[in-house]
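Structure at a glance
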Amino acid sequence: MNVNQQAHMTSPYRQPQPTLQGYAQPGYGGPPTQYTPYNSPNPGYQQGPAPAGYSPYSSLSSKAFPATLASDLSCNSSSPLDLGPVRPTPNSVGPPMSAPQGYSQFTQGDVQNGPPTMSSQPHRPPVSQSYLPGSQPAYQQYGVPPTNMQQMTNQMSGMHVSGPPPAVSGYAPHSSNSQTSVSFSGTPSFPPHSVSSQQNSPAASLTHGQPPSQSPFPGAPPPVSQPQYSSVPPASSQPHYPGAQPPPASQGQFPVGPPSPSQASPFHTPLSNFVPHAGPGVQPVQAPPHSQYLSGPPLPRQPMQGPPLSQQNHVAPGMQRLPGQAAPPGQGQGVQPQQNGAFGQMSRPQPGYGGSYPGPQNYGAQPPPPAAPPQKRLDPDSIPSPIQVIEDDQANRSSEPFTTEVRGQAPPLVTTNFQVKDQGNASPSYIRCTAYNFPCTSDMAKQSQVPLAAVIKPLATLPLDEAPPYIVDHGESGPIRCNRCKAYMCPFMQFIEGGRRFQCGFCSCVTEVPPHYFQHLDHTGKRVDCYDRPELSMGTCEFTATVDYCKNNKIPQPPAFIFLIDVSYNAVKSGLVDLICAELKTLLDYLPRESSEEDSCIRVGFVTYNKVLHFYNVKSSLAQPQMMVVSDVADMFVPLLDGFLVDVNESRAVINSLLDQIPEMFADTRETETVFAPVIQAGLEALKAADCAGKLFIFHSSLPIAEAPGKLKNREDKKLVGTDKEKTLFQPQTSFFGNLAKECVAQGCCVDLFLFPNQYVDVATLGVVPSQTGGSVYKYTYFQVPSDGDRFLNDLRRDVQKQVGFDAVMRVRTSTGIRATDFFGAFYMSNTTDVELAGLDCDKAVTVEFRHDDKLSEESGALMQCAVLYTSCSGQRRLRVHNLSVNCCTQLADLYRNCDTDTLINFFAKYACRSILSSPTKTVRDTLINQSAHILSCYRKNCASPSSAGQLILPECMKLLPVYLNCVLKSDMLQPSADISLDDRAYLRQLVTSMDVAESHVFFYPRLLPLQKLDVEGDSLPTAVRASEERLSKGGLYLLENGLHLFLWVGANVQQELLQSVFNTPSFGQIDPSMTNLPVLNNPYSQRLRAIIESFRVQRPRYMKLMVVKQDDKLELIFKHFLVEDKSASGGASYVDFLCHMHKEIRQLLS
């Protein structure tokens, strides 16, 4: 999504949103004929008294909808989402499908959408509601597999949620198992007379084919999983009524019918999904109503009676009445008991919600009219909420420091603020794994298909309250290493024979301890100086490297920075050249330096170019700078050696004079053509001549079409998008830049590219050298100094000042049984083991995938060591070592208990980035969906307790996998919207390739904060809301950030006082949507809001330009693109639809 475009350029967003491809709305036949017309329940039915000690309010969440949450802490972490029972296949045809339901986009008010505080009073659904005229049922043809997403969404409207109490996300004790399930139940009523055949419910059944556990013949005995219905229905699936004694609250077995297989499971108690038979003499039982979401205050509570506490968290299909319909005479009003589960307390009614669809009416004597009512819609609040998971983890895991001495301990989420104490394993700031329990065998890994990977950020910047790695100097002998595998000394080495030898934890080889490193052991076998040596007690440390670790066995020279400035017509006229030269005068005072040094050792040089290159001699002895022009760009060379790379402090006066003169020299240029490859060659040759590593900062504005090596042509062709040839658009036009990148890596020449295009510049080709040398690409489309100057200058300042290592080589070693097989990121590899980076900065992450080459042992676990050899900004050769140990398991349940979904998504995104170079995007999307479905179906099959095939059961630590995966699939990289350019897609692809876990998380699932109730006194942020248009209130102010863009959305009905405090205007119409910074006002609200915006910008590697979006303004279409839980304009599925689709995929795999 290109947010740099002007408002008039966003017209493609106005196109109507297309429906999901392949999901057409089918037609259905008339109503089934075998049902007896029935218009009302039996009025003689009376609800019995509630059992002693039962309170209907004891365990209800505060959300006014009948979602029930089962507390479950047996053995594994999972969360059950029940999608309805399996059905037989009668011969009848169902009535017509209902029409799509409309729901309002906004309601006035500023209702807080986040999770309520624990003290919030739960809101009750109304017990008696007025009849809604015109409501008609929406049924599915029984036994026929659903054919599209629309049907599945319709089927899944009666969704119920169950799950465990909030637990520590990502890590649970071995004795606990929680899981998330979603259930769907239909709403027919029972006939007042007995029927001989099974009463089929119009519950959403997503089965494909007939499961063996259910008899297709009327009168056949029910399967083991269902109770035998004789004279009473099962106690587990209906409320108490006269004449039936409910089991006590503590009772787990039900007296009627055989026990369900799920009762024997050690994992969880799933929702039982029974379809009760109506036997002779059985009176119909009315179930609690679906509630509608109401704007405004909830209705007052009504006294309620309900089923016993031992009841399963399911409303049996056929036991719910239509919301808005009065309860029949004498009928008790019951509400299902609900416990706070994996999703925590449900939030209050959301503004603008239509709520869950009010279910079907009872069958009448006449067929329904052709005009269908609002479509059944799955309630988004009944499915796993990313915000709730993030908030729970922050509440549970931010207070105590995370100590790393325990092997295989999953860290808090990346969104949680927590302190790390390094006690033997590397901080999660440096390494995060997709799983902290690795399977012991490759067969088990293949069965689960969970990728075993680590995202490593070797030079990550730590929080201020954490100490940087200690630097260890072993003198001329260098770091102590294993003789066989060359692993570096770390806490995983075991000292033996009184400390004279050590056994390597990675390869088990025994190595002599050098005499100068010898130390005695204590009674536990540890060296007595263990805690005095960082390399023996800490997961991360840094060694000073000896001359043996230097290129050509020579101590390296301090690195150099070369600034190469495009002075063609476009760059000069836009004001860019003026801006760069003015900024460099002050920026050169802030070059990177060691903390112990006063001045930076980095030397600098300057080049300008258009069709030819201009080199500048800025030697300190000169009165004025000298220009030398190289017009033979086909054979690039550096025309001067002495005076090109200089010390800033020595040549300050000459440099300032040059920066003053450059804009004047090219002010009247008419040259529009540029070269590009010779510019990189010029910088590379300069570094070779100086025999040092360094970084090139290239400021470039247009497609390089001038005659020169690396000349490019415009190949933008939108007709190829969506075809098999689309992949060629992401591949470089020529191999020239790949070869040039290889030369740059060999010299330690890193390239950072700042692009300022007004049209196509082929980012896929121009970005090859930056991406393979460990550099960065920055892109400012339609650059204008007033609106984009701040963003560019802040990016440039951070890029010049941040910590960076040069001429780096990274190797990942592992213990016996696994090995690193694949690497993703911005680097070059000349062999299968060494990751080579001409430059490695504090923002770059490398993702490493591991595979088995032997069996692993539960006792020893799996070890990994990442060693990075690099040259510091002072020219010192260093070796940074990160160590991490994870557990190994023989049970799939243990694997699924300790996964990190955010890291998993980072891996999937980078896998997709690389795959689109060789495969069509549709193939890449399908691959990700299939692998995720395999992961979840393997859990369902092997770890979850037996339950209805209609349940979607997700592992607790992976319950957000569907929503995050959907965000990846419908990102502009894989499913572009109409106005996204090919350059933007190539730019995003290169950006995602080197993201760490925190960046990829907020990039794919943006943070959306409601600001109307901002606490101006404290430091806490308001609770975020889910990224959906339904969460926006007309009276609200919302801040959205995704690491690249920052939006301030202003509702049309925001209070005048709030507008005055923020924008210094009382009128919504007078807000200037072109502003990129808020006015500096002297009031607490303005100060607090500007501080929040600034803190967001500091957290992210790239400066985020603020865009003010007024409700119903043209820019709102861009803003809505980032509301990722909704259906996208490009056809990407909504979260609800995608969850249905994933469930269908899982059921197909299970069947």
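Here the structure is shown first, and the text comes after it.
Just so it is clear, the structure is predicted and the values come from calculations on it, not from any experiment.

When you go through the chain residue by residue, the secondary structure sums to 22 helices and 32 strands. Sorting the 1151 residues of the chain into buried and exposed places 62% on the buried side. Counting contacts in the chain only where the partners sit at least 6 residues apart, residues at least 24 apart contribute 80% of the total. Accessible area for the chain stands at about 41700 Å²; split by element, carbon and sulfur atoms hold 50% of it.

Quick look at the sheet that holds strand β29 (residues 1007–1010) now. Taken together, four strands build an open sheet; the order of strands is β29-β30-β31-β32 and the sheet is mixed. Lying at the two open borders of the sheet, with one neighbouring strand each, are β29 and β32 (1105–1110). Adjacent strand axes in the sheet meet at a mean angle of 20 degrees, parallel and antiparallel pairs treated alike. In this sheet, strand β31 (residues 1045–1050) lies alongside strand β30 (residues 1037–1041) in antiparallel orientation, the contact comprising five bridges. Bridge pairing in β31 links Y1038 to W1049.

Okay, empty space enclosed by the protein next. One pass over the full model with this rule turns up 16 cavities of 30 Å³ or more. In this structure, the largest cavity spans a volume of roughly 310 Å³. If you trace the largest cavity, you find 24 residues lining it, with L991, S994, M995, E999 and R1102 closest to the centre. The set of elements that each furnish at least two residues to the lining of the largest cavity consists of α11 (768–772), β21 (777–779), α17 (982–993) and α18 (997–1004).

Attention now goes to the nonpolar core. Of all hydrophobic cores here, the largest spans 177 residues; its most connected members are F438, F615, I698, M958 and F1063. Tallying contributions element by element places helix α15 (residues 921–942) first for this core, with eight residues. Excluding residues that lie within four positions of it along the chain, F1063 makes contacts with L1037, L1048, V1050, I1071, M1075, L1078, P1079, L1081 and V1108.

As a further point, take the packing of helix α19 (residues 1056–1063) against helix α20 (residues 1084–1099). Orientation of α19 relative to α20, taken along the N-to-C sense of each, is 60 degrees, at an axis distance of 8 Å. Relative to α20, the element α19 is oriented oblique. As α19 packs across α20, the resulting crossing turns out to be right-handed. For the pair formed by α19 and α20, the contact residues are L1058, S1061 and V1062 on the first element and Y1085, S1086 and L1089 on the second. Here the contact of α19 with α20 is composed, by residue class, of four nonpolar, two polar and no charged.

The next subject is the packing of helix α8 (residues 677–690) against helix α9 (residues 736–747). Here α8 crosses α9 at 20 degrees, and the two axes come no closer than 10 Å. In terms of orientation, α8 lies roughly parallel with respect to α9. Considering only the axes of α8 and α9, their crossing is left-handed. Along the contact surface, α8 presents A677, I680, Q681, L684, L687 and K688, while α9 presents F736, F737, L740, E743, C744 and Q747. For the contact of α8 with α9, the class distribution of residues is eight nonpolar, two polar and two charged.

Under the defined criterion, the tally for this structure stands at 31 aromatic pairs. Seen from their ring centres, W1049 and F1119 are 6.3 Å apart, and the 20 degrees between their planes marks the pair as stacked. Within this pair, whereas W1049 is found in strand β31, its partner F1119 is found in helix α21 (residues 1116–1120), the two being separated by 70 residues in sequence. Like W1049, the residue F1119 is buried in the burial classification. Among the aromatic residues, those joined into a ring-pair cluster are F699, F754, F756, Y778, Y780, F783 and F792. Looking at R1007, its charged tip hangs above the ring of F1096, at a distance of 3.9 Å from the centre. Above the face of the F1068 ring, K1110 is positioned so that its terminal group lies 5.1 Å from the ring centre.

Backbone geometry places K486, a non-glycine residue, at a positive phi of 65 degrees. Position of K486 relative to the elements: it lies in the loop between β9 (471–472) and β10 (494–496). Positive phi outside glycine occurs at E497, with the angle close to 55 degrees. We classify E497 as partly exposed; its relative accessible area is 40%.

A few words now on the pairing of strand β19 (residues 694–700). Buried residues dominate β19, accounting for seven of its seven residues. Neither face of β19 is open: one carries G694, L696, I698 and H700, the other K695, F697 and F699, and all of them are buried. Alignment of strand β14 (residues 560–566) against β19, held across six bridges, turns out to be parallel. The partner of F563 across the bridge, within β19, is F697. Two elements, β19 and strand β20 (residues 749–755), share seven bridges in a ladder whose sense is parallel. The partner of H700 across the bridge, within β20, is L755. In this view, the connection linking β19 to its parallel neighbour β20 by way of α9 has right-handed handedness.

Definitions and limits used
Residues numbered from 1 in each chain as written. Predicted model: local features only at pLDDT ≥ 70, side-chain atom pairs only at ≥ 80, totals over all residues. Heavy atoms only, no water. Helix = DSSP H or I, 4+ residues; strand = E, 2+ residues; numbered from the N terminus. Buried < 20%, exposed > 50% of the residue type's maximum accessible area, 1.4 Å probe, protein only. Contact = heavy atoms within 4.5 Å. Areas by Shrake-Rupley, 256 points an atom, 1.4 Å probe, with all protein chains shown as cover. Pairing = 2+ DSSP bridges. Axes fitted to C-alpha atoms, helices over the stretch in contact; angles between N-to-C directions. 1 Å grid on protein atoms, 1.4 Å probe; cavity = no way out; pocket = protein on both sides within 12 Å on 5 of 7 lines; lining within 4 Å. Points joined across faces, edges and corners; volume = space filled by probe spheres on them. Core = buried A, V, L, I, M, F, W, Y, C linked by side-chain atoms within 4.5 Å. Parallel < 35°, antiparallel > 145°, perpendicular 65-115°, else oblique. Left-handed = near helix turned anticlockwise from the far one by under 90°. Nonpolar A, V, L, I, M, F, W, Y, C, P; charged D, E, K, R; others polar. Phe/Tyr/Trp six-rings, centres within 6.5 Å; stacked < 30°, edge-to-face > 60°. Lys NZ or Arg CZ within 6 Å of the ring centre and 35° of its normal. Right-handed = clockwise from strand over helix to strand, strands pointing away.

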